[in-house]
Amino acid sequence: MTTAPAVLTALRATFTGPGAPARITAGLLLLGTLAAQHPNLSFHRVPRKDRLNAAFPNWRFFAPHPAQHDFEICYRTLNEAGETSLWHPVEVIQGRRPGQIVWFPGRRPEKAVFDVGSEILQSLDKGFGVVTRQPAYRLLSAHLARHIAKRGAGDVKGFQFTMVRVAGYDESEEPEIVFVSPYNPLPRPAGAGRAREGS
């Protein structure tokens, strides 16, 4: 039978000696990850300190609140004259057809928008300055910058985007704006500035 001094010796050996810092770090990461899985928000104090959402992953595969909404992305541009365009939707959601029950690779962009939107919303409580440094925000911003450039940016110097929560085919529910980004400068193609100077 294990005695109390033997338990204390084992605990002391765990937290001291060779490899102790690695064991302590692994233990703290495990505790933080377990806390991140708990549905009660009071357990999320430690994961909130994870600025990049990398140290404490959320592995709740079967969510207690299944998704009932989609996200739509809209953007507007600002040109060199200081004029703002109307909001333009980014078409991602495809219409449904019977054959998609078997094969529907076109659903991937739709799922990607939902995942990126969910990650941005999960970070809002950390402050807006943190959100704009998140990989999900930067990914969406870069995608929109490419989309605008493909459409012919012209004299556009920046853009703003918004995420709207929609109920899909349920038109009885009004769309809800859940996020509006700050101004994002549009990257200039290489040589664009030199071309302007030479004109």
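Rules used in this analysis
Residues numbered from 1 in each chain as written. Predicted model: local features only at pLDDT ≥ 70, side-chain atom pairs only at ≥ 80, totals over all residues. Heavy atoms only, no water. Helix = DSSP H or I, 4+ residues; strand = E, 2+ residues; numbered from the N terminus. Buried < 20%, exposed > 50% of the residue type's maximum accessible area, 1.4 Å probe, protein only. Contact = heavy atoms within 4.5 Å. Core = buried A, V, L, I, M, F, W, Y, C linked by side-chain atoms within 4.5 Å. Pairing = 2+ DSSP bridges. Salt bridge = Lys/Arg side-chain N within 4 Å of Asp/Glu carboxyl O. pLDDT = per-residue confidence, 0-100. Patch = residues over 30% accessible without salt bridge, like charges linked within 9 Å, V, L, I, M, F, W, Y side chains within 5 Å. Areas by Shrake-Rupley, 256 points an atom, 1.4 Å probe, with all protein chains shown as cover. Expected span 1.5 Å × (residues − 1). Arc of directions from axis to C-beta. Phe/Tyr/Trp six-rings, centres within 6.5 Å; stacked < 30°, edge-to-face > 60°.

Attention now moves to the overall build of the chain. On a plain count of helices and strands, the chain comes out with seven helices and five strands. Moving toward the C terminus, one meets the helices and strands of the chain in the order α-α-α-β-β-α-α-α-β-β-β-α. Classification of the 199 residues of the chain by burial places 27% in the buried group. Counting contacts in the chain only where the partners sit at least 6 residues apart, residues at least 24 apart contribute 55% of the total.

Quick look at the nonpolar core now. The biggest cluster of nonpolar side chains holds 21 residues, and the ones touching the most others in it are Ile 120, Leu 140, Leu 144, Phe 161 and Phe 179. Put simply, the parts of the chain that give this core at least two residues each are strand 1 (70-79), helix 4 (107-122), helix 6 (135-150), strand 3 (156-166) and strand 4 (176-180). It is helix 6 that provides the largest number of residues to this core, a total of six residues.

It is worth spelling out the pairing of strand 3 at this point. Counting buried residues along strand 3, nine of its eleven residues qualify, which places the element largely inside the surrounding structure. In the sheet, strand 3 pairs with strand 5 (residues 184-185) via two bridges, with the strands oriented antiparallel. Each residue of the ladder has a partner; that of Phe 159, found in strand 5, is Asn 184. Summarising the sheet, strand 3 and strand 4 pair through four bridges and their orientation is antiparallel. Considered in strand 4, the bridge of Arg 165 is made with Glu 176.

Here we take up the pattern of salt bridges. Counted by the stated rule, this structure contains one salt bridge. Between Arg 165 and Glu 176 there is a salt bridge, and its shortest N-O distance comes to 3.1 Å. Remark: Glu 176 occurs in strand 4 and Arg 165 occurs in strand 3; sequence separation between them is eleven residues. Under the relative-accessibility criterion, Arg 165 is labelled partly exposed at 25%.

On to the confidence of the model for the chain. Of all residues in the chain, 64% attain a pLDDT of 70 or more, and the chain-wide mean is 75. Note that residues 193-199 has pLDDT below 50 and, in this model, one contact with residues that lie over four places away or in other chains.

A contiguous nonpolar patch, built from Phe 15, Ile 24, Leu 28, Leu 30, Leu 31 and Leu 34 and spanning about 620 Å² of accessible area, is present on the exposed surface. Looking at which element gives the most residues to the nonpolar patch, the answer is helix 2 (residues 20-37), with five residues.

So, on to helix 6. Helix length check: helix 6 (16 residues) gives 22 Å between terminal C-alpha atoms against 22 Å at 1.5 Å per residue, within 8%. Taken residue by residue, helix 6 has Ala 136, Tyr 137, Leu 140, Ser 141, Leu 144, Ala 145 and Ile 148 as its buried positions. Within helix 6, the buried residues cover an arc of 165° as seen down the axis, which keeps them to one side. In helix 6, those exposed residues whose orientation departs by more than 90 degrees from the buried face are Arg 138, Leu 139 and Lys 150. Note on helix 6: the residue one or two positions beyond its end, Gly 152, has a positive phi of about 90°.

So, about the packing of aromatic side chains. Considering all chains together, one arrives at three aromatic pairs under this definition. Geometrically, the ring pair formed by Tyr 137 and Phe 161 is tilted, given 5.4 Å between the ring centres and 40° between the ring planes. Linking Tyr 137 in helix 6 with Phe 161 in strand 3, this pair joins segments that are 24 residues apart in sequence. Comparing Tyr 137 with Phe 161, the two get one shared label, buried. Both rings, one in Phe 161 and one in Phe 179, keep their centres 6.0 Å apart while their planes meet at 45°; by these two values the pair is tilted. Of this pair, Phe 161 sits in strand 3 while Phe 179 sits in strand 4, placing them 18 residues apart in sequence. Classification of Phe 161 by relative accessible area gives buried; the value is 0%. Each residue in the set Tyr 137, Phe 161 and Phe 179 is aromatic and connected to the rest through ring pairs, giving one cluster.

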